[in-house]
Amino acid sequence: MDNAYGFTEYGGPDVERFLDLPLPSPGPGELLVEVYAAGVNPVDWKVREGMHRSFLPLGLPAVFGREAAGVVVDLGPGVEGFAVGDAVFGSSARGCGGYAHHAVLTADFTIVKPDGLSYTDAAALPVAAGTAYDSVRGLEVTAGETLLILGAGGGVGVAAVQLAASEGVSVVGTASGAKREFVSSLGATAVPYDGDDTADRLAAAVPSGADAVLDLVGGDALDTVSGLMSPGCRVLTVAAPKTAARFGARQLSRGNRAETLAGLARRVRDGRLDPHVREVFPFAEAPAALRAVESGHPWGKVVLEMRTRTR
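Residues numbered from 1 in each chain as written. Predicted model: local features only at pLDDT ≥ 70, side-chain atom pairs only at ≥ 80, totals over all residues. Heavy atoms only, no water.

Regarding the packing of aromatic side chains
No. 1: Counted according to the given criterion, the structure contains 7 aromatic pairs.
No. 2: Judged by centre distance (5.9 Å) and plane angle (50°), the ring pair of F7 and Y10 falls under tilted.
No. 3: On the accessibility criterion, F7 (1% relative accessible area) is buried.
No. 4: An aromatic cluster of three or more residues is present, and its members are Y5, F7, Y10, F18, F64, Y99 and F283. (Phe/Tyr/Trp six-rings, centres within 6.5 Å; stacked < 30°, edge-to-face > 60°. Buried < 20%, exposed > 50% of the residue type's maximum accessible area, 1.4 Å probe, protein only.)

Following this line, the structure appears as structure tokens:
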């Protein structure tokens, strides 16, 4: 049997449980990994609430977690490029969460962990930082251009600011007052979004207009900054398709390719990207780790640690 943390039905925190489940088996294109660290993300509690039920059906009970780092203990049919004993990190296979002593990862979305990258940092990369990496690349921003990030204080925004700024892009980002100093420290001009004069503050920060906009807020956020988009401005958004269409924007999407993970690992190792793991909880405190994320207040990544390793 394997120990995991998950939920027995859709709902609030009261449906969460530590679970004793059969050891999972890797299918074709999958790896079974002994988990040393697992990332904790807002999507985890949203899945528990049933918000993703229409496109992510799960058998219950289900295990939390979409990203993990650990050591390969078994290979599914057709898996190449990995061996038992490899240190790896990546995304969990559909229906197989990372909050467990063993998890199944998708081989296409997993890479061998480079030496010098800790398990806790590695486990913090696939979801938010991976989305940021794909988004910044998708916008094709180059040195000297201006990128406006709406929601720069969240997990994706924090990584996107660093990735773009490290390439010489001028980054302007909206953030709550509490996160303004933090976002500024990452290399962005931080603009507080509280109050009725947000548009004026942004206009002052982007006097020549934005060459690209990364909207991580959705709703009517693009309407607020529509006057700041320069001709030919590229836009990626989490807003509804109809809103995206009005601005000629593409919706945010994930490539989840191994090259994305490799690119993130390189940038962490050479100092261009800090995953900002701010809280590491032992597995026994998984409920507290999830509450820290569900509260919506903490900045930086939260990670569960099952094993202490430095490799």
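Quick look at the environment of D270
No. 1: Tracing the backbone through its elements, the reader meets D270 in the loop between α9 (258–269) and β14 (277–282).
No. 2: With relative accessibility at 43%, the residue D270 sits in the partly exposed group.
No. 3: A distance of 2.8 Å separates the side chain of D270 from the side chain of R272, its partner in a polar contact. (Helix = DSSP H or I, 4+ residues; strand = E, 2+ residues; numbered from the N terminus. Polar contact = N/O pair within 3.5 Å; in protein donor to acceptor, adjacent residues only side chain to side chain.)

Some details on the pattern of salt bridges
No. 1: A full pass over the atoms with the stated rule returns 12 salt bridges.
No. 2: The shortest N-O distance in the salt bridge between E16 and R48 comes to 2.7 Å. Of this pair, E16 sits in strand β2 (residues 16–21) while R48 sits in helix α1 (residues 42–49), and the two are 32 residues apart along the sequence.
No. 3: When its relative accessible area of 7% is taken as the criterion, E16 is described as buried.
No. 4: Its salt-bridge partner being D270, residue R272 comes within 2.8 Å of it at the nearest N-O pair.
No. 5: Looking at R272, the relative accessible area reads 30%, which means it is partly exposed. (Salt bridge = Lys/Arg side-chain N within 4 Å of Asp/Glu carboxyl O.)

Examining the pairing of strand β10 (residues 188–192)
No. 1: By the criterion of burial, β10 is predominantly enclosed, with 4 of the 5 residues buried.
No. 2: The β-α-β motif built from strand β9 (residues 170–175), the intervening helix α5 (residues 180–185) and the parallel element β10 has right-handed crossover chirality. (Right-handed = clockwise from strand over helix to strand, strands pointing away.)

So, the sheet that holds strand β1 (residues 2–7)
No. 1: Strand order in the open sheet formed by 3 strands is β2-β1-β4, and the pairing between neighbours is antiparallel. Both edges of this open sheet fall to β2 and β4 (62–63), since each of them pairs with a single strand only.
No. 2: Both β1 and β4 contribute to a ladder of 2 bridges, which runs antiparallel. The partner of F7 across the bridge, within β4, is A62.
No. 3: Those strands touched by helix α10 (residues 286–294) are β1 and β2, and its axis lies near 135° from that of β2. (Pairing = 2+ DSSP bridges. Contact = heavy atoms within 4.5 Å. Axes fitted to C-alpha atoms, helices over the stretch in contact; angles between N-to-C directions.)

Here's the deal with the sheet that holds strand β11 (residues 210–215)
Backbone-to-backbone hydrogen bonds pair the strands of a sheet. The strands run either parallel or antiparallel.
No. 1: Within the open sheet, the 6 strands sit side by side as β10-β9-β8-β11-β12-β13. Their pairing is parallel. Each of the sheet's edge strands pairs with one partner strand only, and the pair in question is β10 and β13 (250–251).
No. 2: Where β9 meets β10, 5 bridges bridge the pair, whose relative direction is parallel. Paired with G173 across the strands is A190, a residue of β10.
No. 3: In this fold helix α4 (residues 155–165) packs onto β8 (146–150), β9, β10 and β11, with an angle of close to 175° to the strand it touches most, β8.
No. 4: Along the sheet, helix α6 (residues 198–205) contacts β8, β9 and β10; its crossing angle with β10, the most-contacted strand, is approximately 160°.

Fair warning: the whole summary comes from geometry, so function is off the table for now.
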